[in-house]
Amino acid sequence: MDLTQTTDTIMDTLKEAGLPNVVGWEVKDPAPPVVVVCPALPAVETGVNGVTHGKPFMTHWLVQIVAGRGSASATRNALNDMVARTVIALRPFMIGIEVETPKVTDPEEGKPQYLGAEIAASIAIDMKEE
């Protein structure tokens, strides 16, 4: 699997899990609720312990979730649901899944606050198109 196929697999998996508006990192200003899939830092590593010769590249990803505006209980519950769906969907094929504490965006002048979270996960690939 190459990087494009990996991105597509992650996005398709999240869509199948019922997450709304799953997009890639290249989409500018997506409207919440939204789930954004993007490479993490480092995006690709070699020489990672436990990575096999068949899949020698460890790739790291962030799933950024923005549940909606404000911090009311409905938005909080939506965020919790989106986080749970993401973790359950990614767990069968990704490793090192970590969920950061919920985040509230700093509102710019005239813009609302949004409640969200970031989930980091990794997957070993061979960089070959299938």
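Residues numbered from 1 in each chain as written. Predicted model: local features only at pLDDT ≥ 70, side-chain atom pairs only at ≥ 80, totals over all residues. Heavy atoms only, no water.

S.K.: Give a description of a nonpolar patch on the surface that names residues and reports values.
M.R.: Taken together, the side chains of L3, V44 and M127 define a hydrophobic patch exposed on the protein surface, amounting to about 190 Å² of accessible area. On the accessibility criterion, L3 (34% relative accessible area) is partly exposed. (Patch = residues over 30% accessible without salt bridge, like charges linked within 9 Å, V, L, I, M, F, W, Y side chains within 5 Å. Areas by Shrake-Rupley, 256 points an atom, 1.4 Å probe, with all protein chains shown as cover. Salt bridge = Lys/Arg side-chain N within 4 Å of Asp/Glu carboxyl O. Buried < 20%, exposed > 50% of the residue type's maximum accessible area, 1.4 Å probe, protein only.)

S.K.: Describe the packing of helix α1 (residues 3–16) against helix α2 (residues 73–90), and please don't skip the residues or the numbers.
M.R.: When two helices pack together, you describe them by how their axes are tilted relative to each other and by the distance separating the axes. Orientation of α1 relative to α2, taken along the N-to-C sense of each, is 125°, at an axis distance of 9 Å. The angle between α1 and α2 places the two elements in the oblique class. Crossing of α1 over α2 shows right-handed handedness. Here α1 contributes I10, T13 and L14 to the contact with α2, which in turn contributes T86, A89 and L90. (Axes fitted to C-alpha atoms, helices over the stretch in contact; angles between N-to-C directions. Helix = DSSP H or I, 4+ residues; strand = E, 2+ residues; numbered from the N terminus. Parallel < 35°, antiparallel > 145°, perpendicular 65-115°, else oblique. Left-handed = near helix turned anticlockwise from the far one by under 90°. Contact = heavy atoms within 4.5 Å.)

S.K.: I'd like a description of α2, backed by residues and values.
M.R.: Across its 18 residues, α2 extends 26 Å between first and last C-alpha, which sits within 8% of the 26 Å expected from 1.5 Å per residue. Listing the buried residues of α2 in full gives T75, L79, M82, V83, T86, A89 and L90. Looking straight down α2, one finds that the buried residues subtend no more than 140° of arc, so they occupy a single side. Counted as exposed and oriented over 90 degrees from the buried face of α2: A74 and I88. The elements touched by buried residues of α2 are α1, β2 (34–46), β3 (57–69), β4 (95–99) and β6 (114–125). (Expected span 1.5 Å × (residues − 1). Arc of directions from axis to C-beta.)

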